[in-house]
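A look at the structure
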Amino acid sequence: MQRHVISVLVENEPGVLSRVVGLFSGRGFNIHSLNVAPTLEEGVSHMTITTFGDSVILEQIMKQLHKIVTVIKVMDYTETHAVEREMMFVKVQAEGPMRGEILRTVEIFRCKVIDVSHNEMIIEATGDYEKLEAIISLLQRFGIKELARTGSVAMRRSKKQTD
Amino acid sequence: MHYTGAQILLESLKREGVEVLFGYPGGAVLDIYDEIPRHPELRHILVRHEQGAVHAADGYARATGKVGACLVTSGPGATNTVTGIATAYCDSIPLVAVTGQVPTALIGNDAFQEVDIVGITRPCTKHNYLVKDIRKLALTIRQAFYLAKSGRPGPVLIDLPKDIVQAKTEFVWPEHISMRSYNPTYKPNLNQLRRTAEEIGKAQKPVFLAGGGVIMSNAAESLADLAQTLQIPVTCTLMGLGAYPATDALWLGMVGMHGAYAANLAITSSDLLICAGTRFDDRVTGKISAFAPNACIVHIDIDPTSIRKNVGVDVPLVGDCNLSLQGIRDICAAKFGSRNWAEDHAGWLNTVREWKKSKPLAYHHSNDSIKPQQVIETLFELTGGDAIVTTEVGQHQMWTAQFFMFTKPRTLLTSGGLGTMGYGFPAAIGAQLAFPDKTVIAVAGDASLQMNIQELGTAVANNLPVKVVILNNRYMGMVRQWQELFYNNNYSATSMEAQPDFVKLAQAYGAEGYRIDSSENLLPVLKQALSTPAPAFIDVVVEREENVYPMVPGGAALDEMLLV
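Worth saying up front: this structure is predicted, and the values here are computed from it rather than measured.

Our next topic: the overall build of chain B. Helix and strand counts for chain B come out as 24 helices and 20 strands. Computed over C-alpha atoms, the radius of gyration of chain B comes to 24 Å, within 12% of the 24 Å expected from 2.2 N^0.38 for 564 residues, which places it in the range of a compact globule. Overall, chain B is about 70 × 60 × 40 Å in size when its C-alpha atoms are taken along their principal axes. By the burial criterion, 61% of the 564 residues in chain B qualify as buried. Of the contacts made within chain B by residues no fewer than 6 positions apart, 76% connect residues no fewer than 24 positions apart. In the form shown here, chain B has an accessible surface area of approximately 20800 Å², with 50% of it arising from carbon and sulfur atoms.

Now the structure itself:
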């Protein structure tokens, strides 16, 4: 079960999110994360969906998405050169001697501490899926109290001149 | 010119070529109904239940190839259309359903007769709309019809709030229509056509499998032309019946769970299976891993999602069935010239003919009772096949598919994908409205008919001489058959012993009623009933526990058939 990042351009109209989400639930596909926001072009929104599935399922997901009348374009970024980032906030237990170690981890991953109290810190992290997973696994031993992730956004890389 | 929403709706329907509008009024659509009498060229047919309106529009669409249209009110009017819409969706039938809605300001407030019909029908329509701006109404209707009939056809729903119907705006009809997010592929890929021709050149045991898409794209002639030129035997799915003449020598019979022995065996043994406009329903394939195991599979379909959804495909061909079949014909003609296909395929054709001869569709005749299959055969004999036949769902549907020799497209109207009991009778009403002079027969089971029996009122009110032939076994026959075969004869809740007197019931509505309970009466009474200009119920008392054979049990391979 491979992880796939799918980018979908849709007509920004009422119900379009419902159509996409309903497709996934109705056909038993799984949505791991979903991100939606308007683009520069008026009336067009960009969704980034991450999902897990084999190639047959992915092919169906792509085709079914494309079949939705208000979907303009569907791209699979799994095999292409694309940049992918997501952002998360981690509220982590941070007492006494632990604080130094947490701050070192924050530094290594180039995260930011955006809120701090006597016994907690909120860490802001940006990165691809694997990086955020790594940060979570390292912070887990301090005690994660709350976690909020945005889901991925992705974009195809520009063609290099040597390509 | 400033029009109200109601006027825009009716004017737009006319511009889209709608001649018959099936509907049922109610609070939210009163303004539309107020306008209807001023548009006599748009014939409104008042049904007795909104489900009947959708099925009738569906039957009209299947029989004519045009877009069917219906109009209902909000809330329960709208929810009553859902089964009909889902039926059309499963069988890719072009129709536009207009539902009334509470005024825009009340939407979301749980108003009287409010329901989120756009939300409810999202997964069973090709697309749907809630019109919130009257200036978009004409465009929305234009788009709805365009979507319904183009690409892979399907039902489209338009939800019209009452204030939009009452509002006024300038009526501008958008002549040109295009949608950046919707561009169905009609033209098949040339390389894939060439690959198909190559496979045809190599094949020893080729078979054509045609589905409803062949009928939809008016490709029956192209199919017949290609099959007869290349001397390749043909089978159809239930939805495809009529796409190839069942009287032709290359005809194998229907494929699938209740398919013909020769058809199922031919598919299993084939080395090339050219499928057109079929989506490999589980009732067609049987066990997927044993479906055409040795065949190169060519799959023509206008909907890319159909390809490789259920069955692995060697040559995917996205495009219109008609254009694709013509493309294959042209390439084969250029590539193989005057190759003698009859000689090349002689061995294979012999084999399938032997199968047809050794295990034809059959049933045991009886002196004591009427066999349901016999009724269908008699109907075929009496009409010479020149009739539009609709069915409900169940045993009678399969017997009709097996024993009525359909030779022309759009002559069998049946709910294939969703399997909707209650479809056939209202669909027959729709077909009869489209073809007032044709013989239209609804073959029904006694259980199915009772699901939309109220539409007899519609038939009588509009002088529609639909003939309902009831194969009456006082059971839900198909469910009973499964209970007999797979549930130890435990006939749980399938007996329909308590039933109305269908003859008297027909008469009570002002229609004609006939009962046939002996074999001698079958032909003469059917003949008499078919010739009456009135709608009629013909209640044929048939053998109670007759089963449909051949039968591929659920989950078994196509060649593992239970035979008579």
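Moving on to the overall build of chain A. Counting its regular elements, chain A contains four helices and nine strands. Walking chain A from its N terminus toward its C terminus, one meets helices and strands in the order β-α-β-β-α-β-β-α-β-β-α-β-β. Structurally, chain A occupies a C-alpha span of about 55 × 45 × 35 Å along its principal axes. The burial tally for chain A puts 40% of its 163 residues in the buried class. For chain A, long-range pairs separated by at least 24 residues make up 72% of all intrachain contacts whose partners lie at least 6 apart in sequence. Working note: accessible area of chain A is about 9300 Å², and carbon and sulfur atoms make up 54% of it.

What follows concerns the pairing of strand S12 (residues 272-276) of chain B. Residue and element names in this part refer to chain B. Burial within S12 is extensive, with five of its five residues counted as buried. Burial of S12 is two-sided: the residues Leu272, Ile274 and Ala276 facing one way and the residues Leu273 and Cys275 facing the other way are all buried. Note: strand S9 (residues 206-210) against S12, five bridges, orientation parallel. Directly across from Ala210, in S12, lies its bridge partner Ala276. Where S12 meets strand S13 (residues 296-301), five bridges bridge the pair, whose relative direction is parallel. Each bridged residue has a counterpart across the sheet, and for Leu272 the counterpart in S13 is Cys296.

Another aspect to go through is the nonpolar core. Residue and element names in this part refer to chain B. Core analysis: the biggest nonpolar cluster contains 72 residues, and Phe208, Leu241, Tyr244, Val375, Val469 and Val540 have the highest contact counts within it. Among the elements that take part in this core, helix H14 (residues 321-336) stands out by supplying six residues, more than any other. Each of domain 2 (190-358) and domain 3 (372-541) contributes no fewer than three residues to this core. Ignoring anything within four residues of it in the chain, the contact list for Leu241 reads Ile215, Cys236, Trp251, Met254, Ala401, Phe406 and Leu412. Among the nonpolar cores identified, the runner-up in size contains 50 residues, and Leu95, Leu413, Ala427 and Ala434 belong to it.

Note on placement: Thr196 of chain B falls in helix H9 (residues 190-202). Assessed through its relative accessible area of 1%, Thr196 of chain B is described here as buried.

Attention now goes to the interface of chain B and chain A. In this assembly, 16 residues from chain B lie in contact with 19 residues from chain A. Buried surface at the junction of chain B and chain A, both sides included, amounts to about 1500 Å², of which 45% is carbon and sulfur. Interface area lost by chain B to chain A is led by Arg122, Arg180 and Ser181 of chain B, which between them contribute 41%. The interface formed by chain B and chain A contains four salt bridges. The partner of Lys67 of chain A in a salt bridge is Asp303 of chain B, with the nearest N and O atoms 2.7 Å apart. Taken together, the residues of the side of chain B that touches chain A sort by class into five nonpolar, four polar and seven charged.

Take the domain arrangement of chain A next. Residues and elements named next belong to chain A. You can read the domains of chain A as domain 1 (2-80) and domain 2 (83-155). The C-alpha centroid of domain 2 is placed 28 Å from the C-alpha centroid of domain 1. Across the boundary between the two partners, domain 1 contributes eleven residues, which contact eight residues of domain 2. With both sides pooled, the region where domain 1 packs onto domain 2 buries about 730 Å², and carbon together with sulfur makes up 55% of that total. Counting the surface domain 1 buries against domain 2, the share from its top three residues, Arg3, Asn35 and Tyr77, is 51%. The interface formed by domain 1 and domain 2 holds one salt bridge in total. Across the domain 1-domain 2 interface, the total number found is three residue pairs in polar contact (both at pLDDT 80 or more). When residues in the side of domain 1 that touches domain 2 are grouped by element, the largest group, four residues, is from strand S3 (residues 44-53). Of the residues assigned to the side of domain 1 that touches domain 2, the class counts are four nonpolar, six polar and one charged.

All names here are of chain B. The residue Thr268 is located in helix H12 (residues 261-269) in this model. Classification of Thr268 as buried rests on a relative accessible area of 12%. With sequence-adjacent residues up to four places away left out, Thr268 is seen in contact with Ala290, Ala292, Pro293, Asn294, Leu558 and Asp559.

Listed under "domain: ACT" (unreviewed entry) in the UniProt record, and renumbered for this structure, are residues 5-79 of chain A. Counting secondary structure, residues 5-79 of chain A comes out at 32% helix and 39% strand; the distance between its end C-alpha atoms is 9 Å.

UniProt's entry tags residues 194-326 of chain B with the feature "domain: Thiamine pyrophosphate enzyme central" (unreviewed entry), counted in the numbering of this structure. Across residues 194-326 of chain B, the secondary structure splits into 33% helix and 20% strand, with the terminal C-alpha atoms separated by 12 Å.

All names here are of chain A. Of the positions making up helix H3 (residues 98-108), those classed as buried are Ile102, Thr105 and Val106. Along H3, the residues classed as buried sweep out an arc of 100° about the axis, all on the same side. H3 presents Arg104, Glu107 and Ile108 as exposed residues on the side facing more than 90 degrees away from its buried surface. A positive backbone phi angle near 50° is found at Arg110, which sits one or two residues after H3.

What counts and how
- Residues numbered from 1 in each chain as written.
- Chains lettered and ligands numbered in written order.
- Predicted model: local features only at pLDDT ≥ 70, side-chain atom pairs only at ≥ 80, totals over all residues.
- Heavy atoms only, no water.
- Helix = DSSP H or I, 4+ residues; strand = E, 2+ residues; numbered from the N terminus.
- Rg over C-alpha atoms; globule rule 2.2 N^0.38 Å.
- Buried < 20%, exposed > 50% of the residue type's maximum accessible area, 1.4 Å probe, protein only.
- Contact = heavy atoms within 4.5 Å.
- Areas by Shrake-Rupley, 256 points an atom, 1.4 Å probe, with all protein chains shown as cover.
- Pairing = 2+ DSSP bridges.
- Core = buried A, V, L, I, M, F, W, Y, C linked by side-chain atoms within 4.5 Å.
- Domains from an automatic or database assignment.
- Buried area = accessible area lost by both parts, 1.4 Å probe.
- Salt bridge = Lys/Arg side-chain N within 4 Å of Asp/Glu carboxyl O.
- Nonpolar A, V, L, I, M, F, W, Y, C, P; charged D, E, K, R; others polar.
- Polar contact = N/O pair within 3.5 Å; in protein donor to acceptor, adjacent residues only side chain to side chain.
- UniProt positions renumbered as here; feature names shortened; annotations may be inferred.
- Arc of directions from axis to C-beta.

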